Amino acid sequence: MALTFPRDMTTAHTWARADFELKFRQEHSQQANGVTIGKDLGTPIWEVEFETEPMEKADAEGVYADFLTLGGLARTFYAHVAGRPFPRYEEGTDPLAPIIHNIGNDRDKLQISGLPNGYLFRPGDFIGITTAAGRELHVVAGDSGSGVNGITGDTYVSPSIRPGVAVNDVATLNPAMIELRLKKDGLERPKRKSGNLYTVA
């Protein structure tokens, strides 16, 4: 089977740990009057830590070999939020064909269309967005829901929506996914967990 890049490399496995943390790139300085000023140095970055459930050594080596095909930092891959793969309301069902309907001028909120009436988002839910340049990931910061027209009200998200995200981009909710690269030296060989069971992280 031919390999494609990027490709989904996480939904086929069960993860004991799948931690998504948003890292803000900032610095602060203090003025002579004692006021502290913060400054953004760039777009926030999602850092992700995955570890598989214990598995047979041969299976662990197979997962490891799959991730080796990325060539370290050379290629990107798709990962889903394994700890919360779909909004709480959704319960694993697939909505129609959600797209980005509108983006607020402050780029801290958006509206999504193509949803069933009464579809709800809760704080902590994730929204993936497929753009011309890749896949973005946002976490919902406030309650939101769709009306009979299938369009949500303003849905506040973090991080702020980058300029590359546009109206009519596809929203992925089940599961929400992001495009990532491995961290430098981030892939570890399978480690013995107990008995003949191994994990990959």
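Reading guide: rules and limits
Residues numbered from 1 in each chain as written. Predicted model: local features only at pLDDT ≥ 70, side-chain atom pairs only at ≥ 80, totals over all residues. Heavy atoms only, no water. Helix = DSSP H or I, 4+ residues; strand = E, 2+ residues; numbered from the N terminus. Buried < 20%, exposed > 50% of the residue type's maximum accessible area, 1.4 Å probe, protein only. Contact = heavy atoms within 4.5 Å. Areas by Shrake-Rupley, 256 points an atom, 1.4 Å probe, with all protein chains shown as cover. Lys, Arg positive; Asp, Glu negative; His and termini not counted. Charge placed at Lys NZ, Arg CZ, Asp CG, Glu CD. Salt bridge = Lys/Arg side-chain N within 4 Å of Asp/Glu carboxyl O. Pairing = 2+ DSSP bridges. pLDDT = per-residue confidence, 0-100. Expected span 1.5 Å × (residues − 1). Arc of directions from axis to C-beta. Phe/Tyr/Trp six-rings, centres within 6.5 Å; stacked < 30°, edge-to-face > 60°. Lys NZ or Arg CZ within 6 Å of the ring centre and 35° of its normal.

Description of the overall build of the protein chain
Within the protein chain, the secondary structure is distributed over one helix and 17 strands. Every one of the 201 residues in the protein chain was classed for burial, and the buried ones make up 37%. Within the protein chain, contacts between residues separated by at least 24 positions form 69% of all contacts whose residues are at least 6 apart in sequence. Accessible surface, the protein chain as shown: approximately 11,200 Å² in total, 50% of it carbon and sulfur. Side chains of the protein chain give 21 positive and 26 negative charges; the mean places of these two sets differ by 5 Å.

Let's talk about the pattern of salt bridges
Scanning the entire structure with this criterion turns up 11 salt bridges. For glutamate 51, the salt bridge identified is with lysine 193, shortest N-O distance 3.5 Å. Of this pair, glutamate 51 sits in strand β4 (residues 45-52) while lysine 193 is found in strand β16 (residues 191-194), placing the two residues 142 residues apart along the sequence. Between glutamate 188 and lysine 191 there is a salt bridge whose closest N-O contact spans 3.2 Å. Connected via shared salt-bridge partners are Arg17, Glu49, Glu51, Lys183 and Lys193.

Observations concerning the sheet that holds strand β5 (residues 55-56)
Pairing in this open sheet of three strands is antiparallel, and the strands run β5-β17-β16 from one edge to the other. Two strands in the sheet have a free side with no partner beyond their single neighbour: β5 and β16. Across three bridges, β16 lies against strand β17 (residues 197-199) in antiparallel orientation. Bridging from a neighbouring strand, arginine 192 pairs with tyrosine 198 of β17.

Comments concerning the confidence of the model for the protein chain
Per-chain confidence: the protein chain averages 90 in pLDDT, with 96% of residues scoring 70 or above. Mean pLDDT in the protein chain bottoms out at strand β2 (residues 26-30), which sits at 73, and peaks at strand β7 (residues 99-103), which reaches 98.

Examining helix α1 (residues 57-68)
Between its first and last C-alpha, α1 extends 16 Å over 12 residues, near the 16 Å set by a 1.5 Å rise per residue. Taken together, the buried positions of α1 are Ala60, Val63, Tyr64 and Phe67. Taken around the axis of α1, the buried residues stretch over an arc of 100°, which confines them to a single face.

Describing the packing of aromatic side chains
Applying the stated criterion across every chain, the model contains seven aromatic pairs. By way of ring pairs, the aromatic residues Trp15, Phe20, Trp46, Phe50 and Phe126 are connected into one cluster. It is arginine 75 that lies over the ring of phenylalanine 5; its NZ or CZ is 4.4 Å from the centre.

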